[in-house]
Structures are given as structure tokens and as C-alpha cells.
Amino acid sequence: MDPNLFDRINTLQNYQNQKTNQATQAELAALRQQLAEEANKPKCPHCGGPSEQGFNRCKNCGMEVIWWGHFVGKPGTMTHLIMAMEQYEIAKKEEQRQQKQLDQLKKQQWKEWFFKTLPISFSVVCVVATVLMFLLFILVVCANVTGVVPDSS
Ligand SMILES: [Zn+2]
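Residues numbered from 1 in each chain as written. Predicted model: local features only at pLDDT ≥ 70, side-chain atom pairs only at ≥ 80, totals over all residues.

Draft legend 1. Representation of the overall build of the protein within the structure. Helix and strand content of the protein: 2 helices and 2 strands. A compact globule built from 153 residues would reach a C-alpha radius of gyration of about 15 Å, whereas the protein, at 35 Å, exceeds it by more than 25%. Across its three principal axes, the protein shows a C-alpha extent of roughly 100 × 75 × 25 Å. The proportion of buried residues among the 153 residues of the protein is 4%. Contacts spanning at least 24 positions in sequence make up 13% of the contacts within the protein whose residues lie at least 6 apart. (Helix = DSSP H or I, 4+ residues; strand = E, 2+ residues; numbered from the N terminus. Rg over C-alpha atoms; globule rule 2.2 N^0.38 Å. Buried ≥ 20, exposed ≤ 12 C-beta atoms within 10 Å, placed from the backbone. Contact = placed C-beta atoms within 7 Å.)

If you want it as C-alpha cells, here you go:
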């Protein structure tokens, strides 16, 4: 029997395993995403299961539910839902305000840092430029002395 046959079979088997593994990983990722989406859905006030927005009955327990925005509750609790939604929006606005303040603070800090380090940066650039000019000067002088640069005249 051809001894290379085992190698070829092994290679094919490894390839097959790798492909199966990739497919499994992709399937797992899709399932995880689906799970996360389910977890983020509003919870049924009767059974606590994920609720589908816009449906009047829970798909898990079949009990009647009411909606206000993305808030779900038992029938007869509309006032509570409205209040919850208002509080949610106030909290959201506050969060946005704080984020904006934080962004402004970061911008301010960056500006301060920039103007504080500007003289140092400028000095460094000047020193580097001077050194480069000096090296260039030396190079030109050496080239002229050794005659590496051809004379144009
Ligand atoms: Zn339910």
C-alpha cells in the first residue's frame, strides 16, 4: 500500500475537522447573538420571559400585556408605565448631558496639554532641524573636498 496514502487521509481528516470546527464556531456565535437579543427584550410582567414589542399577549405564558413605548406591563398599569418611561427618558438625558460634559473636559485637557508641551515640541524641532542642517552642511563640504559631487561647470 502507498505510505503516502495515510498522510493524505490524515491531511483530509484534519481539513474536515477544521471546517467542521469553523462551522460550529459560526453557529455558536449566531446562537450567542440570538441569546443576547432575547435577553435585551423587555420582560413579560407575568412570567419574566422576553416579550415581543407590539404583541398584546406574551408568547411564553399567553397572558395579556400592554405597551407604552418599549415598556411592557400588566393591563391596568398604564400610569405606572408612563411614569417609568418618563423616568427612563430623564435618566437618558442626564446620561447624555454627563457624556457631553466628559467630552468637553477631555477636549479641554487635550488643549491644555497641547499648549503646555508646545514650547518643548518647538525646541525639539528646532534642535533636530539645526542638527540636520549641520549634517547636510558637513556632507556637502566633504563631498566638495573629495570630489564626489560632479562639478557642473
Ligand atoms: Zn409571559
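Draft legend 2. Quick peek at helix α1 (residues 4–40). An ideal rise of 1.5 Å per residue puts 54 Å on 37 residues; α1 measures up with 54 Å between its terminal C-alpha atoms. Little of α1 is tucked away, with 0 of its 37 residues classed as buried. (Expected span 1.5 Å × (residues − 1).)

Draft legend 3. Region of the structure containing the domain arrangement of the protein. Along its sequence, the protein is organised into domain 1 (42–76) and domain 2 (79–145). Computed over C-alpha atoms, the centres of domain 1 and domain 2 are 48 Å apart. Each partner contributes residues to the interface: domain 1 has 4 residues there, and domain 2 has 5 residues. Among the residues forming the side of domain 1 that touches domain 2, the class breakdown is 2 nonpolar, 2 polar and no charged. (Domains from an automatic or database assignment. Nonpolar A, V, L, I, M, F, W, Y, C, P; charged D, E, K, R; others polar.)

Draft legend 4. Representation of helix α2 (residues 78–146). With 69 residues, α2 should reach 102 Å at 1.5 Å per residue; the first-to-last C-alpha distance of 95 Å fits that figure. Counting buried positions along α2 yields 0 of 69 residues, so the element is predominantly exposed.

Draft legend 5. A look at the environment of Asn60. Mapped onto the elements of the fold, Asn60 is located in the loop between α1 and β1 (66–68). For Asn60, a count of 14 C-beta atoms within 10 Å corresponds to the partly exposed category. Between the C-alpha atoms of Asn60 and Val141, which are 81 residues apart in sequence, the distance is 88 Å. If we ignore the near neighbours within four places in the chain, the residues touching Asn60 are Cys44, Cys47 and Gly49.

Draft legend 6. Quick peek at the environment of Asn40. With respect to the helices, strands and loops of the structure, Asn40 is situated in helix α1. Residue Asn40 is classed as exposed on the basis of its 8 C-beta neighbours within 10 Å. Distance in space between the C-alpha atoms of Asn40 and Ser51 is 9.7 Å, their sequence separation being 11 residues.

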